[in-house]
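# Analysis of the macromolecular model
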Amino acid sequence: MGFSELQSRLGGNISPELLQLALTHSSYAYEKGGENNERLEFLGDSILGYLVAVQVFKDHAPLNEGELTKLKNGVVSAQALATAANRIGLGEFLLLGKGEEQTGGRSKVNVLADAFEAILGAAFLSFGIESASAIVEKHIVPLLDDPDAIREASDPKTSLLEKLQKLKREPARYEIVGSGPEHEMIYTATCFSGDKELAQGDGTTKRGAETQAAIAALRLLAEK
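Residues numbered from 1 in each chain as written. Predicted model: local features only at pLDDT ≥ 70, side-chain atom pairs only at ≥ 80, totals over all residues. Heavy atoms only, no water.

Time to look at the nonpolar core. Ranked by internal contacts, the top residues of the largest apolar core, which has 45 residues, are Leu90, Phe116, Ile119 and Ile140. Those elements that place two or more of their residues in this core are helix H1 (3-10), helix H2 (16-22), helix H4 (38-59), helix H5 (65-76), helix H6 (78-87), helix H8 (109-127), helix H9 (129-139) and helix H10 (141-144). If one sorts the elements of this core by residue count, H8 sits on top with eleven residues. If we ignore the near neighbours within four places in the chain, the residues touching Ile140 are Leu48, Val52, Val75, Leu81, Ala84, Phe116 and Ile135. With 15 residues, the next largest nonpolar core counts Leu160, Tyr187, Ala217 and Leu221 among its residues. (Core = buried A, V, L, I, M, F, W, Y, C linked by side-chain atoms within 4.5 Å. Buried < 20%, exposed > 50% of the residue type's maximum accessible area, 1.4 Å probe, protein only. Helix = DSSP H or I, 4+ residues; strand = E, 2+ residues; numbered from the N terminus. Contact = heavy atoms within 4.5 Å.)

The subject of this paragraph is the sheet that holds strand S3 (residues 196-203). As a general point, the strands of a sheet are linked pairwise by backbone hydrogen bonds and lie either parallel or antiparallel. Taken together, three strands build an open sheet; the order of strands is S1-S2-S3 and the sheet is antiparallel. Each edge of the sheet is formed by a strand with only one pairing partner; in this case those strands are strand S1 (172-179) and S3. Here the strands of the sheet are splayed against their neighbours by 20 degrees on average, with no regard to which way each runs. Relative to S3, strand S2 (residues 186-193) runs antiparallel, the two sharing seven bridges. Following the sheet pairing, Phe192 is matched in S3 by Glu197. Strand contacts of helix H12 (residues 156-166): S1, S2 and S3, with the helix running at about 140 degrees to S1, the strand carrying the most contacts. (Pairing = 2+ DSSP bridges. Axes fitted to C-alpha atoms, helices over the stretch in contact; angles between N-to-C directions.)

Attention now moves to the environment of Tyr187. Mapping Tyr187 onto the fold places it in strand S2. Classification of Tyr187 as buried rests on a relative accessible area of 19%. Among all residues touching Tyr187, those that are not within four sequence positions of it are Ile176, Val177, Gly178, Gly201, Asp202, Gly203, Thr204, Thr205, Lys206 and Ala209.

So, on to the packing of aromatic side chains. By the definition in use, this model includes zero aromatic pairs. When the ring centre of Tyr174 is taken as origin, the NZ or CZ atom of Lys157, which lies over that ring, is 5.2 Å away. The cationic tip of Arg173 hangs over the ring face of Phe192; the distance from NZ or CZ to the ring centre is 4.6 Å. (Phe/Tyr/Trp six-rings, centres within 6.5 Å; stacked < 30°, edge-to-face > 60°. Lys NZ or Arg CZ within 6 Å of the ring centre and 35° of its normal.)

Its twelve residues place the ends of H5 16 Å apart at the C-alpha level, agreeing with the 16 Å of an ideal helix rising 1.5 Å per residue. For H5, every residue scored as buried is listed here: Leu68, Leu71, Gly74, Val75 and Val76. Residue Asn64 occupies the N-cap position of H5, its side-chain oxygen lying 3.1 Å from the main-chain nitrogen of Gly66. (Expected span 1.5 Å × (residues − 1). Polar contact = N/O pair within 3.5 Å; in protein donor to acceptor, adjacent residues only side chain to side chain.)

Shown next, in the form of structure tokens:
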């Protein structure tokens, strides 16, 4: 699957060279040589903040500064960006080093969020603010009109508890196991509602694994 498929999913134009750089994690660059996506991420973070701030200011006039800030922060959080990244399958396109690959880098919240921001930086450098704006409008702005989506993105474990409560099902609980050497431990969390297994998630911390399991469980419940 080539970058053209990702371009189609993103909805914004990016030069192939910059798109590849945006997908290049530092672990891959360390092993193969060359640049990584960190500088593009820095640029994309500022572009994202600007675009979302403008959208929030225009569309939510009754809100005061504090409320505007809370709304903006909800949709530019790492968890929200990772949620958007997961929806377009961004993880499968990432260029990762062997170590990062083995520790579940394609599903890590920060890796996905950083790559999404890097893509916005690449879009801006390729064809200007319009290209970056097209991606934000397609994948981030819709969250602003869906408070439940914002809460789910920023706090999936709480959202899962609320979802299960509405479905009159038992609260979520997590069972966690770790594997690998101590300095590179990978945790797998299995999420249950009562005795029924809902989903699993992996992470480099127990909390991260629980978060990924909650996201997977929410996705599964949404599909039913």
